[in-house]
Amino acid sequence: IRGSGEPIAIIGAGPAGLSAAHDLALVGFRPVVFETEPVPAGMLAIGVPAYRLPRDVIAREVAVIEALGVELNVIDPRVWDALRALAAQIRKEEE
């Protein structure tokens, strides 16, 4: 599979989202990752103690993914709520 350079939205910058972004970038897509936490890597960064998984290791791995052209966006959780409400309104109007 070869990507066309099209952007692909990925919701969540946890391990699965970052892995998907990495792999999609390798095949030629332009992943855009949206996250509500202040740092990428999900529970790896928030739930695993730094003495078990040093933060510089996480930062280096995220930097590799960003170097592939992956765009990381931190979104305020209130924006997600507004987007959900808008999507629900659109769905209701389409019924």
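Everything quoted here is computed from the prediction, not taken from an experiment. (Residues numbered from 1 in each chain as written. Predicted model: local features only at pLDDT ≥ 70, side-chain atom pairs only at ≥ 80, totals over all residues. Heavy atoms only, no water.)

A separate point is the side chain of Glu35. Along the chain, Glu35 falls in strand β2 (residues 30-35). Buried charged residue Glu35 carries no salt bridge. Nearest counter-charge: Arg84, at 10 Å. Engagement of the side chain of Glu35 in a polar contact is seen with the backbone nitrogen of Glu37, the distance being 2.9 Å. Leaving out residues up to four positions away in the same chain, Glu35 has contacts with Gly12, Ala13, Gly14, Asn73, Val74, Ile75 and Trp80. (Helix = DSSP H or I, 4+ residues; strand = E, 2+ residues; numbered from the N terminus. Buried < 20%, exposed > 50% of the residue type's maximum accessible area, 1.4 Å probe, protein only. Lys, Arg positive; Asp, Glu negative; His and termini not counted. Salt bridge = Lys/Arg side-chain N within 4 Å of Asp/Glu carboxyl O. Polar contact = N/O pair within 3.5 Å; in protein donor to acceptor, adjacent residues only side chain to side chain. Contact = heavy atoms within 4.5 Å.)

This paragraph deals with the environment of Gly14. Along the chain, Gly14 falls in the loop between β1 (7-11) and α1 (15-26). Distance from Gly14 to Ala25, taken between C-alpha atoms, is 16 Å for residues 11 residues apart in sequence. Residues contacting Gly14, with those up to four places away along its chain left out, are Glu35, Ala41 and Gly42.

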